[in-house]
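# Structural overview
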Amino acid sequence: MDRRSLIKNAGIAGVLAAGVAPAVHAQANVRWRLASSFPKSLDTIFGSAEMFSKTVKALSGGKFEVSVHAAGELMPAFGVVDALQNGTVEMAQTAPYYFTGKDAIFAFGCAVPFGLTARQMDAWMEHGNGRKLMDAFYAQYNIKSRSAGNTGTQMGGWYRKEIKTVADLKGLKMRLGGGLFGEAMQKLGVVPQNMPAGEVYQALEKGTLDAVEFVGPYDDEKLGFNKVAPFYYYPGWWEGGAELEFFINTKAYAALSPEFQAIVDAATSVAARDMTAKYDAVNPIALKKLVGAKTQLKAFPKAIMDAGFKVSMEVFAEHEAKSSEFKKIHADMRAFQRDQLLWARFSESAFSNYMASAKI
């Protein structure tokens, strides 16, 4: 009986009990480096990279190891795409919309204003055209992608003053994660600032920033934003579900054996699911703590949401006029989103709306 037949009939437990070594034990050791765009203090996001590394090592029996490096250790947080493109590292973990300065299409790999939720993004990427379209685009940067997890719908950020009308946004210096959201907010009068998470607190404390959006209660509390900006708004209409990505150098991936490629694919799936589940588990607890510490939790007025939607559609139209590839990807995402929204009306949204009013 050959090895593949044995595995099929006996399963992994039977293989190990029989003393049959998996194929990875016959392969040469592989050592990769992964550069993250995030600090170690963000145990949710950075933890996804650590989970990936741990899973790769376990699945390969120690034959394949990936060292994980926080932002600034090997390169600046926003230097990872260049590093992948020139082969300095084999992998990165990042938010693709950090790189819209290179091309606006990067935003679709993470989040766009009034875009997909976490589940919708996962569906579009893995069972729609999302991954295929994005990897075709990433190919020019020597990159292929895998999900590193999704934050879910984000909060609308921390503000030093109350935001009651669109006029209150004018002249506001705000740290934005990146992407097309910055362009939309500029149309509303905001002065966008793009900086790594580790630099934001000090800028907010000194008044260099008037506001900051990052992720949600768990990460925001760890970064201490509530200590220097009392107003916490929701929802983050620019990030209905922000996808973090593992970027992999295409040549490094192609050089792996089929077994090691399968290990990389499996380990990214484990890490992505773990990160999203962790956010859902820890955010409610953190939000209660923030409110208990006198954070003023406020919903964006509908007028601001409407204004945000209007200018966001203008931004999409402007980019579509300049890039046929942008137009193609945007059209595909919106077509997928329309079906998802239709289904949600009769499934999750209906159920969630009822449960929100029920006493449990």
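A brief look at the structure comes next. (Residues numbered from 1 in each chain as written. Predicted model: local features only at pLDDT ≥ 70, side-chain atom pairs only at ≥ 80, totals over all residues. Heavy atoms only, no water.)

### Comments concerning the layout of surface pockets
- In this structure, the largest pocket occupies an estimated 510 Å³ of space.
- Along the walls of the largest pocket sit 19 residues, with Thr 117, Arg 119, Gln 120, Ala 344 and Glu 348 positioned nearest its centre.
- Mapped by element, the contributors of at least two residues to the lining of the largest pocket are helix 4 (118-127), helix 12 (324-346) and helix 13 (348-357).
- When residues of the lining of the largest pocket are assigned to their parent elements, the largest contribution, six residues, is made by helix 12. (1 Å grid on protein atoms, 1.4 Å probe; cavity = no way out; pocket = protein on both sides within 12 Å on 5 of 7 lines; lining within 4 Å. Points joined across faces, edges and corners; volume = space filled by probe spheres on them. Helix = DSSP H or I, 4+ residues; strand = E, 2+ residues; numbered from the N terminus.)

### Regarding a nonpolar patch on the surface
- On the surface, Tyr 234, Val 291 and Leu 297 cluster together into a nonpolar patch covering about 240 Å² of accessible area.
- The topology assignment puts Val 291 in helix 10 (residues 258-292). (Patch = residues over 30% accessible without salt bridge, like charges linked within 9 Å, V, L, I, M, F, W, Y side chains within 5 Å. Areas by Shrake-Rupley, 256 points an atom, 1.4 Å probe, with all protein chains shown as cover. Salt bridge = Lys/Arg side-chain N within 4 Å of Asp/Glu carboxyl O.)

### Remarks on the packing of helix 6 (residues 180-187) against helix 11 (residues 302-322)
- Taken N-terminus to C-terminus, the directions of helix 6 and helix 11 make an angle of 120 degrees; their axes are 9 Å apart at the nearest point. Judged on the interaxial angle alone, helix 11 and helix 6 are oblique. The two elements helix 6 and helix 11 meet at a crossing, and its hand is right-handed. Taking contact as the criterion, the partners of Leu 180, Glu 183, Ala 184 and Lys 187 in helix 6 are, on helix 11, Val 311, Ser 312, Glu 314, Val 315, Phe 316, Glu 318 and His 319.
- By residue class, the composition of the contact of helix 6 with helix 11 is five nonpolar, two polar and four charged. (Axes fitted to C-alpha atoms, helices over the stretch in contact; angles between N-to-C directions. Parallel < 35°, antiparallel > 145°, perpendicular 65-115°, else oblique. Left-handed = near helix turned anticlockwise from the far one by under 90°. Contact = heavy atoms within 4.5 Å. Nonpolar A, V, L, I, M, F, W, Y, C, P; charged D, E, K, R; others polar.)

### Examining the packing of aromatic side chains
- Per the counting criterion, the structure on display carries 26 aromatic pairs.
- When the centroid spacing of 5.1 Å and the interplanar angle of 40 degrees are considered together, the rings of Phe 52 and Phe 246 count as tilted. A residue pair is termed long-range when its members are at least 10 positions apart, and Phe 52 in helix 2 (residues 45-59) and Phe 246 in strand 10 (residues 243-249) qualify at 194 residues. Neither Phe 52 nor Phe 246 differs from the other in exposure class; each is buried.
- Here the aromatic rings of Tyr 233 and Phe 300 are separated by 5.2 Å at their centres, their planes lie at 20 degrees, and the arrangement is stacked. Of this pair, Tyr 233 sits in strand 9 (residues 231-234) while Phe 300 sits in the loop between strand 11 (296-299) and helix 11; the two residues are 67 residues apart in sequence, bridging distant segments of the chain. Phe 300 shares its class with Tyr 233; the two are buried.
- One aromatic cluster in this structure is built from Phe 38, Phe 78, Tyr 97, Tyr 98, Phe 99, Phe 106, Phe 137, Tyr 138, Tyr 141 and Phe 247.
- Between the NZ or CZ atom of Lys 144 and the centre of the ring of Tyr 253, over which it lies, the distance is 4.8 Å. (Phe/Tyr/Trp six-rings, centres within 6.5 Å; stacked < 30°, edge-to-face > 60°. Buried < 20%, exposed > 50% of the residue type's maximum accessible area, 1.4 Å probe, protein only. Lys NZ or Arg CZ within 6 Å of the ring centre and 35° of its normal.)

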